[in-house]
Amino acid sequence: MPYPSPPVPYPETALLAVGAANIPFAMADRVNKGGGRPEASLSRRHILKGLATAGALAGAAATPVRAAKPGGWDVIVVGAGVFGAWTAWTLQQRGQKVLLVDAWGAGHVRGSSGGETRLIRTEYAGNELYTRWAWQSLAEWHALGRRHDIPIFQEVGALYLYPQDSARIDGSIALQRSLGIPIEKLDAAGMAARWPQLGLDGVSVGVLQPTMGALMARRSVQLLVADFLEAGGSFRSFAAAPPMSGRDTLEAISGADGETLRAERFVFACGPWLPKLFPDVVGARIVPTRQEVFYFAPEAGDTRFAAPHMPAWVDAGDPDLHYGFPDIESRGFKIALDRHGPKYDPDTADRRITDQGLTDVRAYLARRFPALAKRPLAASEVCQYENSDNGHLLIDRHPAWANTWLAGGGSGHGFKHGPAVGRYLADLAFGTGTAVPDLMLAAHKAHG
Ligand SMILES: Cc1cc2nc3c(=O)[nH]c(=O)nc-3n(C[C@H](O)[C@H](O)[C@H](O)COP(=O)(O)OP(=O)(O)OC[C@H]3O[C@@H](n4cnc5c(N)ncnc54)[C@H](O)[C@@H]3O)c2cc1C
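Criteria and thresholds
Residues numbered from 1 in each chain as written. Predicted model: local features only at pLDDT ≥ 70, side-chain atom pairs only at ≥ 80, totals over all residues. Core = buried A, V, L, I, M, F, W, Y, C linked by C-beta atoms within 7 Å. Buried ≥ 20, exposed ≤ 12 C-beta atoms within 10 Å, placed from the backbone. Helix = DSSP H or I, 4+ residues; strand = E, 2+ residues; numbered from the N terminus. Domains from an automatic or database assignment. Contact = placed C-beta atoms within 7 Å. Near = placed C-beta within 6 Å. Nonpolar A, V, L, I, M, F, W, Y, C, P; charged D, E, K, R; others polar. Pairing = 2+ DSSP bridges. Axes fitted to C-alpha atoms, helices over the stretch in contact; angles between N-to-C directions.

(A) Quick peek at the nonpolar core. Formed by 111 residues in total, the largest nonpolar core has its most connected members in I76, V78, A85, L100, V225, V267 and L425. The greatest single-element share of this core, amounting to eight residues, is contributed by helix α7 (residues 217-230). When residues of this core are sorted by domain, at least three fall in each of domain 1 (12-113 + 218-284 + 391-443) and domain 2 (158-209 + 287-387). Among all residues touching V267, those that are not within four sequence positions of it are V75, V77, V78, G84, T87, W405, A407, L425 and A429.

(B) Expanded view of the environment of L119. You can see L119 is positioned in strand β3 (residues 117-120). Classification of L119 as buried rests on a count of 24 C-beta atoms within 10 Å. When the C-alpha atoms of L119 and G414 are compared, they prove to be 9.8 Å apart, with 295 residues separating the residues in sequence. In contact with L119, other than residues within four places in its own chain, are A158, A214, A312, Y323 and K416.

(C) Structural detail: the site of the ligand. The environment of the ligand is made up of 39 residues, and the closest members are G79, G81, G271, G410 and G414. Those elements that provide at least two residues to the shell around the ligand are α3 (82-93), β2 (98-102), β3, β12 (287-296) and β16 (377-387). Of the residues assigned to the shell around the ligand, the class counts are 20 nonpolar, 16 polar and three charged. Counting contributing residues per domain, the shell around the ligand is built from domain 1 (12-113 + 218-284 + 391-443) and domain 2 (158-209 + 287-387), each supplying no fewer than three.

(D) Main features of the pairing of strand β13 (residues 312-315). Residues A312 and V314 point to one face of β13 and W313 and D315 to the other, with burial holding for every one of them. For strand β5 (residues 158-162) and β13, the ladder comprises four bridges, and the chain directions are parallel. If you follow Y160 over to β13, its bridge partner there is V314. The pairing of β13 with strand β14 (residues 322-325) spans two bridges and is antiparallel. Residue pairing in the sheet places V314 in a bridge with Y323 of β14. Where β13 folds back onto β14 in an antiparallel hairpin, the turn is made up of six residues, including L321, whose phi is positive at roughly 50 degrees.

(E) Expanded view of the environment of F228. Note on placement: F228 falls in helix α7. Using a count of 29 C-beta atoms within 10 Å as the deciding quantity, one classes F228 as buried. Residues F228 and L99, spaced 129 residues apart in sequence, show a C-alpha to C-alpha distance of 10.0 Å. When near neighbours in sequence (up to four residues on either side) are disregarded, F228 contacts A85, A88, W89, Q92, L100 and G233.

(F) Representation of the sheet that holds strand β15 (residues 333-337). Read across the sheet, eight strands follow the order β6-β7-β5-β13-β14-β15-β12-β16 without closing on themselves; strand pairing throughout is mixed. Taken across any chain shown, the strands that pair with only one partner, and hence form the sheet edges, are β6 (184-187) and β16. Across the sheet, the mean angle separating the axes of adjacent strands is 20 degrees when strand polarity is ignored. This element, helix α9 (residues 355-368), spans β12, β13, β14, β15 and β16 of the sheet and lies at about 55 degrees to β12.

(G) Highlighting the sheet that holds β3. If you walk across this open sheet you meet the three strands as β3-β8-β4, and the pairing is antiparallel. Since the sheet does not close on itself, it has two edges, and those belong to β3 and β4 (153-154), each with one partner. Pairing of β3 with strand β8 (residues 213-216), which is carried by four bridges, proceeds in the antiparallel orientation. By the bridge assignment, R118 is partnered in β8 with L215.

(H) Unusual backbone geometry, seen in detail. Each neighbour pair has its own omega, and for A307 with P308 the value is 5 degrees, a cis peptide bond. In this model, L321 sits at a positive phi of 50 degrees, which is unusual for a non-glycine residue. Relative to the helices and strands, L321 is located in the loop between β13 and β14. For L321, a count of 15 C-beta atoms within 10 Å translates into the label partly exposed. The backbone of E329 sits at a positive phi, close to 55 degrees, despite the residue not being glycine. Within the secondary structure layout, E329 lies in the loop between β14 and β15.

Function-wise, these values are silent; they only describe arrangement.
Put into structure tokens, the structure is as follows:
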């Protein structure tokens, strides 16, 4: 391998202990009563069937929950997006009896983790926490990939485009090199020689991270949940009502039909729905915004926009912060804007792209990827960011309930950190971790 890999934070034996083959997520709710392996052992055909019916953990008829022990679960995690899935998995690996619930299914289409691809990069303008978390997480994404036969991570590389050189760029590169992260700084001539299909108007510096790339978002969350079930975890299709307790702990969550689920600890990783569940505590500290994503079809036989001819890229000098991916799995060349769109309700809002959005993105393509500017739109997605005021994740203990934790505020960059978030939350919830002040409720203001 030409480049070093990130260090693995867990022993490989722990990660491999769950095996690779059994992926039961086309199944009904899976409640593991004894903590051992679930009964089903599925073939490759079932794996593919499971993928085809992705999200099928939702919609299954509710089955009665037998708690792992009298009195309830060790931990109930509400929300099977990337944060909840990694938290449930990590706690399960540490021997907790965990129930993961979701109102619509793991990595479902309207969740923020339900998209096709998410960028993993360690270029974080010198922010040490996120640089380290992304690098450590990459090891765990690789480990997840090794447990499965289909790609979780595509190492296409990540290229940052900057209008001019700066001390900040050099500081970020130095930090990454100190962590052993492969990284190259390029000038405009070097980039033009490597990627002649890229228009470099206004770009003078590039930073290339050859071992970064694209996480297959929805798929990786669903496979992780499948691993969690295989390792003895339980999943329920369950829509939690906003929780209530007059005490200093939360004892149970209730569903729409009044059913209650009890646990010693709770984690709410509800993404853009977190403000609805906790209007007083979270409220406008997290504001969902509408984000449009476009996939363009290159000319027949034109491979210039597919890996390895094109990396994932971020136009850091562009006011709209366009970013994108090469054509991966023949889905098309992906392009999106990191600029926040209008406020958005994840339950009711329209998920069609706008004509204006398409016109704007074509104008951008004409400048940066001219060969694609007039190519047909092959597919599109509308997703929501769940933004904090300052872009930091929001992870903290509930101010009134000592056994309850909140996790969200991915703010357009949270996905890659899923493994690190899972570890951080598991450490905090069991008193072995130290809270990072920037991530706490007190560090976040209501905004929007
Ligand atoms: C277009 C787009 C591009 C992005 N690009 C990147 C990128 O390139 N790199 C990157 O690192 N990040 C990126 N992100 C950000 C990242 O995807 C999100 O920050 C991350 O997926 C958030 O995960 P989550 O688990 O917090 O939320 P979600 O994935 O939304 O999960 C929350 C879950 O909670 C469930 N839930 C909510 N309410 C309830 C309830 N009452 N009862 C039961 N279940 C409930 C939901 O059904 C949902 O499944 C992007 C986001 C978007 C939208």
